[in-house]
2 protein chains.
Amino acid sequence: MSPRGRPRAFDREDALTQAMLVFWERGYDGASLAELTEAMGIKPPSLYAAFGDKESLFREAVKHYQAAHGRHTMRALTEEPTARAAVEAMLRNNACAYVEPGHPTGCMVVLAATNCTPANASVWEFLAASRDNVRRELCARLRRGVEEGDLAATVDTEALGALYATVFYGLTMQARDGVGLDSLMTVIDLALSMWPENGGGAASTVDTAPSAP
Amino acid sequence: MSPRGRPRAFDREDALTQAMLVFWERGYDGASLAELTEAMGIKPPSLYAAFGDKESLFREAVKHYQAAHGRHTMRALTEEPTARAAVEAMLRNNACAYVEPGHPTGCMVVLAATNCTPANASVWEFLAASRDNVRRELCARLRRGVEEGDLAATVDTEALGALYATVFYGLTMQARDGVGLDSLMTVIDLALSMWPENGGGAASTVDTAPSAP
DNA sequence: AGATTTTTGTATCGCTCGCTAAAGAAGGTG
DNA sequence: CACCTTCTTTAGCGAGCGATACAAAAATCT
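Described below are features of the structure shown in this document.

Digging into the overall build of chain A
For chain A, the helix and strand inventory stands at 10 helices and 0 strands. Listing each helix as α and each strand as β along chain A from the N terminus yields α-α-α-α-α-α-α-α-α-α. Counting over 213 residues, chain A shows a buried share of 49%. A fraction of 67% describes how many contacts in chain A between residues 6 or more apart in sequence connect residues 24 or more apart. As displayed, chain A has an accessible area near 9700 Å², and 53% of this comes from carbon and sulfur atoms.

See the structure below:
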C-alpha cells in the first residue's frame, strides 16, 4: 500500500500550515519562495513536487485556512438558531480569531491579495469569489431568518447583509492595525445594536421576550 | 528667475498624479518602476532626480492623494454643523469618491499597503499612522458633538468612532470588490440608522422599508 | 541482489526588481 | 563662441524573484 519511491521526509499538513501562516502575514505577492521554504523546513524542489507552483500552494493554503480558521463563520451561519445570533456569532468568533495569538491578525481571505496586478489576477479573483461566497451565505441566512420568523419580513436582507459584510471587512483592517479584542467587541456591540429587532420600527410580531418590558 | 541648467521636460504635478494612480491601483509593492515610469512618461533617472527613491515618490503620492481625494474627509469632519452630519458627509463623500470613474476604486490609504514585509515596514507604518489620524479626527469630532450638545453626553465617543472607522474601512473593501454606489449608500443608510440620537440609547430604530402596518 | 521509482539537496536558470553610472542634449551665462 | 549646470537617454548593475536540471539518497518491486 505504501507508495513506490523514496518516502517524503516532511509532514505535508505541517508544511501547508506553515505556508498558510506566511501567506497570511505577507500576502500572496509578499510571500517569497525563500521565506516559504524556510518556514516549511523544505527546499524548493520538495515544495514544487508536493504542491505544484506558488499559486497552487496558495490556493491550498487558503482552503486550509478556511477549514481551520474560517470554519467558525460557516458554523455560525448554519447552526445558530436565529439570524441575529448567527450574525453575532459570526462577528464575535471572527473577532476572537483575528487577534488570537499564534498567527497573524485579521482575515487571510481579506488581506492576502488586496491589490490586483496582472500577474496575480487569478489569485485576486479566487479570494474575491471566496469573499462573495461568505456574503451570499450571510444574506441567505438573513432570508432564512425572515422565513423562520425571527426577522421582520420588511427587512431588506441584501442591504443588511451588505452592512454586516462591510463591518466584517472593517474588523479585519482594525485587527491588522493593532486594535485589541475589547475594542473589536465594542464595535460589534454597536453594530448589533442596530439590529431591526431592537428598535420599534420593525414589524416583528410574535416573540416572547424573556424579560418583561 | 529660471533655474540654471536644462529645464525639466515633464510636468512634475502631472507625473505625480500618474504615479499616484499606479500606486493606488497596485499598492506600494505591486507598483513596479517600469509601470510607474511608463505611466509618468519619463525614464528612471528623471524619476529619481525629481522624486528621490520609490518610497519618497510614494509618500509624496499619498500626500497628493490626500490633498486631491481625501480632502472631503477632513472637510466633512470640520465644516459640518453636527457630529452626525459630519460622519454622514464623511461616509457618503468617500463612497462617491471610491467608485468615481477615472481612478481606482476604494481608499488608497487603506489599500496601498495591507501586508507588511520587512522591506516596506516604514511604508506600512506611514499609512497606518495616516489611518489612525483619520480615526482620531473622527473621535475628536464626536467629542466636539458632545460638547456642542448635538450628541448625548452618555455616548462612548471612542467606541462610536471605532465603529464608523470600521464601516469606513469596510466600504473601501466593498468598493474594490466591485460593489456599486447604490449599495454603498444603502450600507451607509443602515450604518447611520443606529446613530445614538435616533433611538435614545445604544439601541435605535431601523426601518429599511417604508413603514407598513 | 539489481532495477525502478520518488524525494532530496545543490546549484543554478532566466527574469524582473529598484536603482545608477556615463554620455549626450538643452538651456542659461560669460 | 566656449563654459557651466541640469535634465534626458542608453545601458546595465547587483540582488532577489519563481522555478528547475541534475545527481545522490531512500524506499519498493522483481
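Some details on the environment of Met 194 of chain A
Residues and elements named next belong to chain A. Within the element layout of this structure, Met 194 appears in the segment after α10 (181–192). The class of Met 194 is buried, set by a relative accessible area of 1%. Considered as a pair, Met 194 and Met 108 are 86 residues apart in the sequence and their alpha carbons are 28 Å apart.

Topic: the interface of chain B and chain A
Chain B puts 44 residues into the contact, and the matching count from chain A is 46 residues. Buried surface at the junction of chain B and chain A, summed over both partners, amounts to about 3600 Å²; 63% is from carbon and sulfur atoms. Together, Asn 115, Thr 166 and Met 173 of chain B form the three largest contributors to the area buried by chain B at its contact with chain A, with a combined 15%. Run the count over chain B and chain A and you get 2 salt bridges. Ionic pairing is found between Asp 177 of chain B and Arg 131 of chain A, a salt bridge with its closest N-O pair at 2.8 Å. Our count for the contact surface shared by chain B and chain A stands at 11 residue pairs in polar contact (both at pLDDT 80 or more). With 13 residues, helix α9 (residues 157–176) of chain B is the largest single contributor of residues to the side of chain B that touches chain A.

Considering the pattern of salt bridges
Within the structure shown, the criterion is met by 28 salt bridges over all chains. Here Asp 132 of chain A ties to Arg 135 of chain A by a salt bridge, and the two come within 3.1 Å at their closest N and O atoms. Linking Asp 132 of chain A with Arg 135 of chain A, this pair stays in helix α8 (residues 121–148), spanning 3 residues, or about one helical turn. Among the salt bridges present, the one from Arg 144 of chain B reaches Glu 148 of chain B, with a minimum N-O distance of 2.9 Å. Here Arg 144 of chain B and its partner Glu 148 of chain B are both found in helix α8 (residues 121–148), 4 residues apart, which amounts to about one turn of the helix. Each of Asp 132, Arg 135, Arg 136, Arg 143 and Glu 158 of chain A takes part in one network of salt bridges that share partners.

What to know about the protein's contact with DNA strand C
Near DNA strand C lie 21 residues; those nearest to it are Arg 4 and Ala 9 of chain A together with Leu 33, Tyr 48 and Lys 54 of chain B. Counting only the atoms of DNA strand C that lie within 4 Å of the protein, the sugar and phosphate share comes to 70%. One nitrogen or oxygen atom from the main chain of Ala 31 of chain B is found 3.2 Å from a phosphate oxygen belonging to DNA strand C. For DNA strand C, a phosphate oxygen lies 2.8 Å from a polar atom in the side chain of Lys 54 of chain B. Considering every element that reaches the surface near DNA strand C, the biggest residue donor is helix α3 (residues 44–51) of chain B, with 3 residues. In terms of residue class, the surface near DNA strand C is built from 10 nonpolar, 3 polar and 8 charged.

Basis of the calculations
Each chain carries its own residue numbering, running from 1 in the direction its sequence is written. Think of it this way: whatever chain is written first is A, whatever ligand is written first is 1, and the rest follow in order. Only residues with pLDDT of 70 or above have their local features reported here, since the model is predicted, and side-chain atom pairs are shown and tallied only from 80 upward, although totals for entire chains, interfaces and linings are computed over all residues. Where side-chain values are given, they derive from all heavy atoms of the structure, hydrogens and water being excluded. Each helix corresponds to a stretch of at least 4 residues labelled H or I by DSSP, and each strand to a stretch of at least 2 residues labelled E; elements are numbered beginning at the N terminus. Partly exposed describes any residue whose relative accessible area lies between the buried limit of under 20% and the exposed limit of over 50%, with all areas from a 1.4 Å probe on protein chains only and scaled to the type maximum. Two residues qualify as a contact provided that any one of their heavy atoms is within 4.5 Å of a heavy atom in the partner residue. To be clear on the numbers: accessible area is Shrake-Rupley with a 1.4 Å probe, and residue cover counts the displayed protein chains and nothing else. In this description, buried area is defined as the sum, over both parts, of the accessible area (probe of 1.4 Å) that is lost when the two are combined. Throughout this description, the term salt bridge denotes a Lys or Arg side-chain nitrogen within 4 Å of a carboxyl oxygen of Asp or Glu. Under this definition, polar contacts are N or O atom pairs within 3.5 Å; protein pairs additionally need one hydrogen-donor-capable and one acceptor-capable atom, and for neighbouring residues in sequence, both atoms have to be side-chain atoms. Residues are counted as near a molecule or strand when any one of their heavy atoms sits within 4 Å of it. Each residue gets one label: Ala, Val, Leu, Ile, Met, Phe, Trp, Tyr, Cys and Pro are nonpolar, Asp, Glu, Lys and Arg are charged, and the others, such as Gly, are polar.

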